[in-house]
Amino acid sequence: MKILVTGKNGQLGRSIQKLISNYDHHEFTLTGREELDLSSSESISKYFDTHSHFDVIINCAAYTAVDRAEDEIDLANRINHLAVKKLAEFANLQNTKLIHISTDYVFDGKSESLYLENDTPNPVNVYGKTKLLGEETVLEIMSNNAIVIRTSWVFSEFGNNFVKTMLRLGNEKNEINVVSDQIGSPTYASDLAKAILHIIFSDKFKKKSFPTEIFHYSNLGETSWSDFAKEIFKLANLNCNVSPISTDQYPTPAIRPQNTTLSKEKIKNHFSLKIPLWQKSLKECLKEIT
Ligand SMILES: NC(=O)c1ccc[n+]([C@@H]2O[C@H](COP(=O)([O-])OP(=O)(O)OC[C@H]3O[C@@H](n4cnc5c(N)ncnc54)[C@H](OP(=O)(O)O)[C@@H]3O)[C@@H](O)[C@H]2O)c1
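Draft legend 1. The pattern of salt bridges, seen in detail. For the coordinates displayed, the defined rule picks out 14 salt bridges. Between Glu288 and Lys18 there is a salt bridge, with its nearest N and O atoms 2.8 Å apart. In this pair, Glu288 sits in helix H10 (residues 278-289) while Lys18 sits in helix H1 (residues 11-19), placing the two residues 270 residues apart along the sequence. Lys234 is the salt-bridge partner of Glu231, the closest N and O atoms lying 3.5 Å from each other. Placement of both Glu231 and Lys234 in helix H8 (residues 225-235) is noted, with a separation of three residues, approximately one turn of the helix. Here Glu231 falls in the buried class, since its relative accessible area comes to 16%. By sharing partners, the salt bridges in this structure join Lys18, Glu157 and Glu288 into a single network.

Draft legend 2. Molecular detail of the environment of Tyr250. The topology assignment puts Tyr250 in the loop between strand S12 (241-245) and helix H9 (265-270). Once residues lying within four places of it in the same chain are set aside, the contact partners of Tyr250 are Val179 and Ile245.

Draft legend 3. Local environment of the pairing of strand S3 (residues 56-59). Neither face of S3 is open: one carries Val56 and Ile58, the other Ile57 and Asn59, and all of them are buried. In the sheet, strand S1 (residues 2-6) pairs with S3 via four bridges, with the strands oriented parallel. Each residue of the ladder has a partner; that of Val5, found in S3, is Ile58. Bridging between S3 and strand S4 (residues 97-103) involves four bridges; their strand directions are parallel. Pairing of Asn59 across the sheet is with His100, part of S4. In the classification by handedness, the crossover that spans S3, the intervening helix H3 (residues 73-93) and the parallel S4 is right-handed.

What counts, and at which threshold
Residues numbered from 1 in each chain as written. Predicted model: local features only at pLDDT ≥ 70, side-chain atom pairs only at ≥ 80, totals over all residues. Heavy atoms only, no water. Salt bridge = Lys/Arg side-chain N within 4 Å of Asp/Glu carboxyl O. Helix = DSSP H or I, 4+ residues; strand = E, 2+ residues; numbered from the N terminus. Buried < 20%, exposed > 50% of the residue type's maximum accessible area, 1.4 Å probe, protein only. Contact = heavy atoms within 4.5 Å. Pairing = 2+ DSSP bridges. Right-handed = clockwise from strand over helix to strand, strands pointing away.

Dropping the structure here:
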């Protein structure tokens, strides 16, 4: 198969890159913004004029700066929505299947139970709104042959993320305040990367045509940011005390949804996936970092 992966320098892109040597009978093309700038419609058209006939596109690139998006609405919309529209149009035209990654932040976080794929989205910030528009455009343009995977709280050995920030702070301080009233499921990017590759090589995905669907993927289990921080310090043997605080005590430009724990049952059953508990994956990730 010929597979295009966008966002090669991001957490998920790099996690996929790490695995592709196991698939050397397939041709992977990895792009960053230098090769394929998703903020520019011309750049996307130009890319697909000269590079075509992919069997699969895995769209890992996104505008992910949740707070900055409140000011950079147009840029976030171009990357998270309009670029996705273009990718879906090219995918349709060239008979290419699409895996598009979305977010738990399409929900308002007011649910008291796990979010199912067909629950009504209601994003509370610009990032979530632009990501929802991206999902909707995939569903609209590609009634077949696309999969939207919503994920949450992504961490990895790559780039900037909560785990790496906590490791830095835990080394610098004896005590930190961390929000305790936002609940979700952490996702080790490496587990998501494995799940995506498992999916694209599955018989269900390789079928000539399948109806487009949304799936949720994160690690199993749920936690708050403060308990997540405590687990990081425990596993990394860092002597830093975590004081739980409320969201109100930690104001940010973008509102965060309160409970975005995703149900993973659908993806687990549909693709016979084994999903690790977040604590187990955190341990794996820390081994990669240290
Ligand atoms: N991180 C999370 O906690 C989280 C939570 C839920 C959902 N998600 C979703 O999961 C997916 C993967 O996220 P991630 O954590 O891997 O994100 P990430 O580490 O921020 O990586 C995003 C990548 O997109 C690239 N990108 C940004 N603007 C671009 C442009 N104009 N043209 C081409 N590439 C561009 C970035 O390039 P540069 O490296 O050059 O900046 C970066 O490599 C995204 O769809 C994201 O929305 C993430």
